Structure formats: structure tokens, C-alpha cells
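Breakdown of the fold
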Amino acid sequence: MNSLVIRPLMNTDWESVSRIYEEGIRTGIATFETEVPNWEQWNKKHVSSCRLVAELNGDVVGFAALSKVSNRKVYKGVAEVSVYVSEKHRGQHIGVTLLKQLIEDSETNGFWTLQAGVFSENSASINLHMQCGFRIVGIREKIGRRDDEWYDNHFLERRSTK
């Protein structure tokens, strides 16, 4: 029987999380990053109160986390979303489950706006965010380069209703 558990991400999960992140990097449309950071770099970048993993039968198969968009006080309630699911578990609604829990945790921790920049080619991620109440604010044309190619990003946001 498959038993999906969403729980806080711990530093002991880093091996699994970094492997899943590497799988995302290899798609070429999940992030502009080309290398997995070490734990210290990743830990410093992400909000400590809003980090989750999805565990299926004891194995970490996905993760979600928030990172600050700015250190300015006025933006303290605005964060950027990251959601990744392992290759062999995509399409099983794990991303939706993770993102819904991340939204709930973000609201509990005082975040009022979540945003995401998603490669325009990544329709699965765009659909995931829209399923969870995000809306497309616009398209940021040629916002970044990866492997010497310019990419557009769909810019999505979700405002808390609480």
C-alpha cells in the first residue's frame, strides 16, 4: 500500500533532496541553475520555516520550499516557491499535495504572497501552480540564459486569502 507523508525537510534529507534537484536540473526547464549547491548554500537560501518533503513508503520523492524575494521589510511576507518531484513519481499528484501544504504552512508563517517563475516550456509546473490557486501575472521574455540559450518565464503569483 502506498502511503504518502508530507513532513518538514531536515538536513538529513539532503542526499535525497539534492538527487531530486539534480533530476530537475537535467530537464533543462526546471531551473536556471546548472549545478546542485551544497547543503550550506541551499540552507542559507531557503526560509527555514517552510520546507517540506514528500515521503512515499519511507523514501523521499519530492520537496517544496520557499526563498525570500527580498530582505526589505516591506517584502517580508513575499516568497518564491520551489517544488520538485522525482522523475519516477511525476504525474502522481505529489507536487499538488506538496504545494498545497506549503501554501498552508506559508500562511501560518505570515506569508501573504507566493510567486513562481516557471520556464514557459514547463507546462506541467505551470498547470500545477494554477491548480493550487496561482495566476499568471505575465511572461518575462528572455529573463535568463541557460546553456547559451535565452528562456522566457511565466511569472505566477498567489495571494493569501487569510
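See the structure above.
Report follows, based on the coordinates. (Residues numbered from 1 in each chain as written. Predicted model: local features only at pLDDT ≥ 70, side-chain atom pairs only at ≥ 80, totals over all residues. Heavy atoms only, no water.)

Observations concerning empty space enclosed by the protein
Note the cut-off: Of the grid points, spaced at 1 Å and generated over the protein atoms alone, those admitting a 1.4 Å probe that cannot get out make up cavities, while open sets with protein on both sides within 12 Å along at least five of seven lines make up pockets; any residue with an atom within 4 Å of a point is treated as lining. Grid points are joined across faces, edges and corners, and a volume is the space filled by probe spheres set on the points. Where helices and strands are cited, they refer to DSSP runs of H or I of at least four residues and of E of at least two residues respectively, numbered from the N terminus. Here the term charged refers only to Asp, Glu, Lys and Arg, the term nonpolar to Ala, Val, Leu, Ile, Met, Phe, Trp, Tyr, Cys and Pro, and the term polar to all other amino acids, Gly among them.
Applying the stated rule across the entire model yields one cavity of 30 Å³ or more. If you add up the space inside the largest cavity, you get close to 40 Å³. Taken together, I103, S106, E107, F111, W112, T113, L114, R158 and S160 make up the lining of the largest cavity. Only helix 3 (94-108) and strand 5 (113-119) provide two or more residues apiece to the lining of the largest cavity. Here the element with the most residues in the lining of the largest cavity is helix 3; it accounts for three residues. Residues belonging to the lining of the largest cavity are distributed by class as follows: four nonpolar, three polar and two charged.

Let's talk about unusual backbone geometry
Quick note on the threshold: Note on classification: 1.4 Å probe, protein chains only; a residue is buried when its accessible area is under 20% of the maximum for its type, exposed when over 50%, partly exposed between these limits.
Its identity is not glycine, yet K142 carries a phi of approximately 45 degrees, on the positive side. Locating K142 in the fold gives a position in strand 6 (residues 135-146). Of the residues examined, K142 reaches a relative accessible area of 55% and is grouped as exposed. Its identity as a non-glycine residue notwithstanding, D147 has a phi of 50 degrees, on the positive side. If you trace the backbone, D147 turns up in the loop between strand 6 and strand 7 (149-159).

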